[in-house]
Amino acid sequence: MNQSPLKLLVGLGNPDTHLLKTRHNVGFWFVDHFAHTISQQFKLMKKFDSEILELTDKNVVIMKPMNYINNSGIAIQKYIKQSSITVDQILVIYDDLDLKVGQIKLKKGGSSGGHNGLNSIIKECGSKNFWRLRIGIGKPILKEETISYVLGKPSKNDANIIYESFGKILENLDDILDGEFSKIMNLFNQRIESDGI
């Protein structure tokens, strides 16, 4: 399942300072971690309601929507309107309750799985046909604790496991950006069962 290279990577998160270290901000964590590894910084671009980092050598833009997770689609749609990209050239990186802590899974399309950020993107872009990189945060024992869980901070050990998964993503980032999705799905999705990563 190879396709044209990706043009937009979107890390989902909430911009409030007191929410930055919460599980729901794992998408922000990843793109911030990547920016740090290449010694680059995001710049606020108000016309997209986002912080933006351009990878000129790869012709890729990395986005952090600043209008909160539940409105992420608004920022993405603004970018689409002012660029020549299509929805299937977008990869959204986000926290996933249905995966164990640190598990990663790549998929294209499908439902939102109850994630409000994805609901917003599907609504605003009028399509489910974007790529998703799911990063597991685990789930609480009681369903009624879900909101406080995703808006809570993980343990130091869980945070370390999540950052270890970032390393595995970055090791394969060139293939991801180049659209080598069959290869990446075989690597990431099958390893969920074998070693939790």
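Coordinates for the structure precede this section.
Residues numbered from 1 in each chain as written. Predicted model: local features only at pLDDT ≥ 70, side-chain atom pairs only at ≥ 80, totals over all residues. Heavy atoms only, no water.

A separate point is the overall build of the protein chain. The secondary structure content of the protein chain amounts to 7 helices and 7 strands. Shown N-terminal to C-terminal, the secondary structure of the protein chain runs as helices and strands in the order β-α-β-β-β-α-β-β-α-β-α-α-α-α. Taken over the C-alpha trace, the protein chain has a radius of gyration of 15 Å; the compact-globule value for 197 residues is 16 Å, and the two agree within 12%. C-alpha atoms of the protein chain, sized along the principal axes, occupy 45 × 35 × 35 Å. When the 197 residues of the protein chain are sorted by exposure, 51% land in the buried category. For the protein chain, the accessible surface area stands at approximately 9,700 Å², while carbon and sulfur atoms represent 49% of it. The protein chain carries 25 positive and 22 negative side-chain charges, and their two centres are separated by 3 Å. (Helix = DSSP H or I, 4+ residues; strand = E, 2+ residues; numbered from the N terminus. Rg over C-alpha atoms; globule rule 2.2 N^0.38 Å. Buried < 20%, exposed > 50% of the residue type's maximum accessible area, 1.4 Å probe, protein only. Areas by Shrake-Rupley, 256 points an atom, 1.4 Å probe, with all protein chains shown as cover. Lys, Arg positive; Asp, Glu negative; His and termini not counted. Charge placed at Lys NZ, Arg CZ, Asp CG, Glu CD.)

L9, L91, I135 and I176 are the most contacted members of the largest nonpolar core, which has 34 residues in total. When residues of this core are assigned to their parent elements, the largest contribution, 6 residues, is made by helix α1 (residues 26-37). Setting aside its immediate chain neighbours within four residues, L91 contacts L6, L8, L9, V10, L106, W131, R132, L133 and I176. If you look at the next biggest cluster of nonpolar residues, it comprises 21 residues, including L8, A75, Y94 and I121. (Core = buried A, V, L, I, M, F, W, Y, C linked by side-chain atoms within 4.5 Å. Contact = heavy atoms within 4.5 Å.)

Over the atoms, a rolled probe matching the size of one water molecule traces out where space is still vacant. Here the largest pocket defines a volume of roughly 560 Å³. Taken together, 26 residues form the lining of the largest pocket, with L97, G113, G114, H115 and N116 sitting closest to its centre. Secondary structure elements with two or more residues in the lining of the largest pocket: β5 (90-96), β7 (131-136) and α4 (146-150). Considering only residue class, the lining of the largest pocket consists of 8 nonpolar, 10 polar and 8 charged. (1 Å grid on protein atoms, 1.4 Å probe; cavity = no way out; pocket = protein on both sides within 12 Å on 5 of 7 lines; lining within 4 Å. Points joined across faces, edges and corners; volume = space filled by probe spheres on them. Nonpolar A, V, L, I, M, F, W, Y, C, P; charged D, E, K, R; others polar.)

On to the pattern of salt bridges. In total, this model carries 8 salt bridges according to the counting rule given. For D178, the salt bridge is made with K58, and the minimal N-O distance between the two is 3.9 Å. Taken together, the residues D178 in the loop between α6 (173-177) and α7 (181-195) and K58 in the loop between β3 (50-55) and β4 (60-65) connect sequence positions 120 residues apart. Residue classification places D178 among the partly exposed positions, given a relative accessible area of 36%. A salt bridge links K183 to D175, with the nearest nitrogen and oxygen atoms 2.7 Å apart. Accessibility expressed as a relative area gives 48% for K183, which makes it partly exposed. Here the residues in one salt-bridge network are D32, E51 and K64, joined through shared partners. (Salt bridge = Lys/Arg side-chain N within 4 Å of Asp/Glu carboxyl O.)

Read these as layout, nothing more, since geometry by itself doesn't imply function.
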